[in-house]
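Structural description and commentary
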Amino acid sequence: MASAADAHPTACLALADGSLFYGKGFGAVKEVSAELCFNTAMTGYQEIMTDPSYAGQIVTFTFPHIGNVGVNPDDDETADPVAEGMVVKWDPTEPSNWRATERLGDWLARRGRVAIGGVDTRRLTRAIRQQGAPHVALAHDPDGQFDTVALVEQARAFAGLEGMDLAQTVTCAQSYRWDEMRWAWPEGYTRQTEAKHKVVAVDYGAKRNILRCLASAGCEVTVLPATATAEDVLGHNPDGVFLSNGPGDPAATGEYAVPMIQGVLKKDIPVFGICLGHQMLALALGAKTIKMNHGHHGANHPVKEIQTGKVEITSMNHGFAVDADTLPNGVEETHVSLFDGSNCGIRMKDRPVFSVQHHPEASPGPQDSFYLFERFAASMAG
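From a predicted model like this one, the values you see are computed outputs, not experimental measurements. (Residues numbered from 1 in each chain as written. Predicted model: local features only at pLDDT ≥ 70, side-chain atom pairs only at ≥ 80, totals over all residues. Heavy atoms only, no water.)

With respect to the pairing of strand β9 (residues 197-203)
In terms of burial, β9 is a largely internal element, six of the seven residues being buried. Across seven bridges, the pairing between β9 and strand β10 (residues 219-225) is parallel. Paired with His197 across the bridge in β10 is Cys219. Two elements, β9 and strand β11 (residues 240-243), share four bridges in a ladder whose sense is parallel. Within the sheet, the bridge partner assigned to Ala201 lies in β11 and is Phe242. (Buried < 20%, exposed > 50% of the residue type's maximum accessible area, 1.4 Å probe, protein only. Helix = DSSP H or I, 4+ residues; strand = E, 2+ residues; numbered from the N terminus. Pairing = 2+ DSSP bridges.)

Structure follows, in structure tokens:
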């Protein structure tokens, strides 16, 4: 059941089924409990750790070279890491990249996030696939003193993500304006100065690169907290409304988000949603969501656009999905996963209201789906 990374392990990962994985701890010295998932991306560990959609989760990285390019302020997707911790195969090496400003371990320690290296991540990934995303406890102690019985009990006591509204824990505290555009060589990040469309973005845990993509598509973006009402949104007189990504159970967040979206839908303005925003829109239209076995987390997920037959390689991060069988009349499925056939997009047949499960902004991942931001902008221009 247990495997020792060396003679003196300084971290222990305990699963609710009693399995124990030992390794070398880095980052913060602490204990946390969370849901465990795995991510197959070969780049972008900093963006993944700072993606608000990972609230309540510890991420197992299947790619072994984590930490090799260090970290830098430009790659943060939000102000601080949101994922509770990370599990990696090899201990992070000294960073080798011209953009690096800090070591991964130092960055995690300063931001209060715990990590374990030297773990058989292939074995752990198989366990996640077989039993579904397990509840775990992760401890880092430089002295290597672990109460494994207590850790297993801590893992078993974790409530899980079903029924949890985590959007309110990661949303902005107050509204703000956003005008920074996508990174481009050699200028880096530049500002939007010739916006053509007024967009209200509802923040359920928005990644910065989503907001940059909206700005790059010609949008003047005003970001509102997750609890904004339809009156709050419409009070800005937007040309379009964007529903962001975010963590937790969509049904729980929908308690307050669905009435807002339904109020916005009474007006004939374009609506675009991504990830949790996609699920929120589906719920508002009358569909249902379901918890997946282990979710989709990676930057190599093939998604098919049904109308054109085009296959896009996408970035994904979700543990819940829209149940396509519950879509009401007037709403159609637009995208499906080629991994498991799960729903990846919907649209209203008679209005410019649409959403996707995958992440067209990437960060990390391919940019095959950036056209969706242009489609949103075109719907507002039309």
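The structure having been displayed, the exposition proceeds.
Some thoughts on the packing of aromatic side chains
Counting across every chain of the model gives seven aromatic pairs. A ring pair is formed by Trp183 and Trp185, whose centres lie 6.4 Å apart and whose planes are at 45 degrees; its orientation type is tilted. On the accessibility criterion, Trp183 (40% relative accessible area) is partly exposed. Judged by centre distance (5.5 Å) and plane angle (50 degrees), the rings of Phe272 and Phe376 are tilted. Residue Phe272 is found in strand β12 (residues 271-274), and its partner Phe376 is found in helix α10 (residues 371-381); the two are separated by 104 residues along the sequence. Taken together, the aromatic side chains of Phe242, Phe272, Phe354, Phe370, Phe373 and Phe376 make up a single cluster linked through ring pairs. The residue whose ring lies beneath Arg182 is Phe370, and the NZ or CZ to ring-centre distance is 4.1 Å. (Phe/Tyr/Trp six-rings, centres within 6.5 Å; stacked < 30°, edge-to-face > 60°. Lys NZ or Arg CZ within 6 Å of the ring centre and 35° of its normal.)

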